[in-house]
Structure formats: structure tokens, C-alpha cells
Amino acid sequence: MENIIKYLLYSDLGSDFNNWAVLTFRVLLMVELFRVHGMKKFRVQNGEKEHVPNPLGLPDKLNGLVATFSDTIVPFLVAIGVGTRLFLLPSIGVTAIGYFVVHRKDSVEVRDVPYMYTLAMLFLWVIGPGTISIDHYLFNTLFN
């Protein structure tokens, strides 16, 4: 159990420059995710809220909840570095399903957006949030 917690929380990228760079990347990526996709969840156009595709056939409320959570709450948590690797998973899932299922027959230009989000979040999931994060503080509090 300790190893799992360590994997989820620990991430030191070797230098202050690298840790500041990943903080910048993390914040900019999550601000854009929220600004472009999260804000859609609150907008009403032509009297209707955004239609969220449901390619897996989940119950509509659950599907909407996962999409809303992934585009509104996750960006805030990841930007400040709380549970970064854990909370990235639903967003990676949503964007990967968008790429592989929802947009699989669309043009490359349309598929590009979920593809790039998926790659960027997978990269962040692999390297972790770095030392400038709440995860790093929690790790040091728990294990030092």
C-alpha cells in the first residue's frame, strides 16, 4: 500500500527548472481544458445545454457526471497538484474515448483535439506533478 501511495504522490523531476516547467505545463493545460471544455458544461445555447456523447451506453446522468467532473473539477485539482495521477485518469478516459470512439471516423483535423489532450495528459500522468504541488507536500508529510 505504501508503494502505491508513493507512486501516486511522489514526483521529482530532478531540477528546479524541470519542476517549474511541469508546473507551468500542468497549469496551462488544465486552464485550457476548463476554459474550452469545462465552460461548455455551464453554457446554454438555443435553450439547451451541451450534448455529451455517450458511446459506452452508460446511464445518461452517470455519463454527464463523468464528463462534467473530467472537464470542470479535474482541471482545478490537477492545476494545484492534488491527487494528480489519480484524478487525471477520468480525463484521460474521456479524451481517449473521444478520440478512439466518438471521432474515429472524423477527419484528422477533428480527431486532433482529443488526441493531443490524451497525449498531454498521459505525459503528465507518467511524469507526475513535480515538486511544486500539493502531492509533493503530502508525500513529504506522510513519509518524512
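If you check an unreviewed UniProt entry, the protein chain appears there as DoxX family protein from Pedobacter riviphilus. Turning to the protein chain, the UniProt annotation filed under Sequence similarities (unreviewed entry) states: "Belongs to the DoxX family." Quoted straight from UniProt, the Subcellular location (unreviewed entry) entry for the protein chain says "Cell membrane".

A. Here's a closer look at the layout of surface pockets. Quantified by volume, the largest pocket comes out at close to 590 Å³. Around the largest pocket, the lining is made up of 27 residues, and of these Pro 53, Asp 71, Val 94, Thr 95 and Gly 98 lie nearest the centre. When residues in the lining of the largest pocket are grouped by element, the largest group, 6 residues, is from helix H4 (residues 84-102). Tallied by class, residues from the lining of the largest pocket come to 15 nonpolar, 8 polar and 4 charged.

B. The arrangement of the side chain of Asn 19 in detail. Relative to the assigned elements, Asn 19 resides in helix H2 (residues 16-38). One polar contact links the side chain of Asn 19 to the main-chain amide nitrogen of Leu 13, over a distance of 3.3 Å. If we ignore the near neighbours within four places in the chain, the residues touching Asn 19 are Ser 11, Asp 12, Leu 13, Gly 14, Gly 130, Thr 131 and Ile 132.

C. Focus on the packing of aromatic side chains. The final tally for this structure, using the stated rule, is 5 aromatic pairs. A ring pair is formed by Tyr 10 and Phe 139, whose centres lie 4.9 Å apart and whose planes are at 55°; its orientation type is tilted. Remark: Phe 139 occurs in helix H6 (residues 134-143) and Tyr 10 occurs in the loop between helix H1 (2-9) and H2; sequence separation between them is 129 residues. Given a relative accessible area of 35%, Tyr 10 falls into the partly exposed group. Judged by its relative accessible area of 8%, Phe 139 is buried. A connected cluster of aromatic rings, assembled from ring pairs, spans Tyr 99, Phe 100 and Tyr 115. In this arrangement the basic side chain of Arg 111 is found over the ring face of Tyr 99, its NZ or CZ atom lying 4.3 Å from the centre.

Rules behind the numbers
Residues numbered from 1 in each chain as written. Predicted model: local features only at pLDDT ≥ 70, side-chain atom pairs only at ≥ 80, totals over all residues. Heavy atoms only, no water. UniProt positions renumbered as here; feature names shortened; annotations may be inferred. 1 Å grid on protein atoms, 1.4 Å probe; cavity = no way out; pocket = protein on both sides within 12 Å on 5 of 7 lines; lining within 4 Å. Points joined across faces, edges and corners; volume = space filled by probe spheres on them. Helix = DSSP H or I, 4+ residues; strand = E, 2+ residues; numbered from the N terminus. Nonpolar A, V, L, I, M, F, W, Y, C, P; charged D, E, K, R; others polar. Polar contact = N/O pair within 3.5 Å; in protein donor to acceptor, adjacent residues only side chain to side chain. Contact = heavy atoms within 4.5 Å. Phe/Tyr/Trp six-rings, centres within 6.5 Å; stacked < 30°, edge-to-face > 60°. Buried < 20%, exposed > 50% of the residue type's maximum accessible area, 1.4 Å probe, protein only. Lys NZ or Arg CZ within 6 Å of the ring centre and 35° of its normal.

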